[in-house]
Amino acid sequence: MSDSAREPAALPLSEPMFLILLVLEESHLHGYAIRQQIAARTNDEHVLRTGTLYNALSRLSRDGLVAEVSRESAGRGKREYRLTREGRTALDAETQRLQRLADLATQRPLQNKPESAS
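Residues numbered from 1 in each chain as written. Predicted model: local features only at pLDDT ≥ 70, side-chain atom pairs only at ≥ 80, totals over all residues. Heavy atoms only, no water.

Chemist: Could you give an account of the environment of Ala 90, naming the residues involved and the relevant values?
Modeler: Tracing the sequence through the fold places Ala 90 in helix 5 (residues 85-107). Sequence-wise, Ala 90 and Leu 65 are 25 residues apart; in three dimensions their C-alpha atoms are separated by 7.4 Å. (Helix = DSSP H or I, 4+ residues; strand = E, 2+ residues; numbered from the N terminus.)

Structural data, given as structure tokens:
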């Protein structure tokens with residue numbers, strides 16, 4: 001299957017996958033740096049466990065949304081990852097999907113509180 005015909009198979013993205021793509025949009029990073037960037041950007045609300053991080057990176061790589069940067073480029077034998085064109089497309093699509101959900105949530109009518117019994 002050609003790259004242009006590939007559907008974003010991973011959509012909707014899990015929260016860890018979305019956050020990984022989000023931080024990789026800015027630069028190539030190795031796993032530990034990805035983990036630190038996610039924690040920093042979310043004020044430690046999302047601290048990915050090592051297994052969660054590498055399972056998500058494996059799936060993102062398998063789905064063609066991230067690619068490994070050559071180890072020579074990364075230096076010190078660390079495996080760095082970069083966002084692919086398909087990854088950017090998936091990140092944009094997921095961002096739009098989440099925005100539509102947030103819009104629906106903010107437009108919901110206020111619920112009437114039950115009157116207290118006197």
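So, next bit.
Chemist: So what about the packing of helix 1 (residues 15-24) against helix 5? Which residues, and what values?
Modeler: Between helix 1 and helix 5, the least distance of the axes is 10 Å, while the angle of their chain directions is 120 degrees. As judged from the angle between their axes, helix 1 and helix 5 are oblique. Helix 5 is crossed by helix 1, and the crossing has left-handed handedness. Taking contact as the criterion, the partners of Phe 18, Leu 21 and Leu 22 in helix 1 are, on helix 5, Gly 87, Leu 91, Glu 94, Thr 95 and Leu 98. By residue class, the composition of the contact of helix 1 with helix 5 is five nonpolar, two polar and one charged. (Axes fitted to C-alpha atoms, helices over the stretch in contact; angles between N-to-C directions. Parallel < 35°, antiparallel > 145°, perpendicular 65-115°, else oblique. Left-handed = near helix turned anticlockwise from the far one by under 90°. Contact = heavy atoms within 4.5 Å. Nonpolar A, V, L, I, M, F, W, Y, C, P; charged D, E, K, R; others polar.)

Chemist: Mind laying out unusual backbone geometry, listing which residues take part and the relevant values?
Modeler: At Asn 43, a position not held by glycine, the phi torsion is positive, near 50 degrees. With respect to the helices and strands, the residue Asn 43 is situated in the loop between helix 2 (31-41) and helix 3 (50-62). Of note, the phi angle at Asp 44 is positive, near 65 degrees, even though the residue is not glycine. Along the chain, Asp 44 falls in the loop between helix 2 and helix 3. Assessed through its relative accessible area of 55%, Asp 44 is described here as exposed. (Buried < 20%, exposed > 50% of the residue type's maximum accessible area, 1.4 Å probe, protein only.)

Chemist: Summarise the side chain of Thr 84; cite the residues concerned and give the values.
Modeler: Position of Thr 84 among the secondary structure elements: in the loop between strand 3 (80-83) and helix 5. Classification of Thr 84 as buried rests on a relative accessible area of 10%. Within the structure, the side chain of Thr 84 is placed 3.1 Å from the backbone oxygen of Leu 65, a separation counted as a polar contact. Separated by 3.0 Å, the side chain of Thr 84 and the backbone nitrogen of Gly 87 make a polar contact. Beyond its immediate stretch of four places on either side in the chain, Thr 84 contacts Gly 64, Leu 65, Val 66 and Ala 67. (Polar contact = N/O pair within 3.5 Å; in protein donor to acceptor, adjacent residues only side chain to side chain.)

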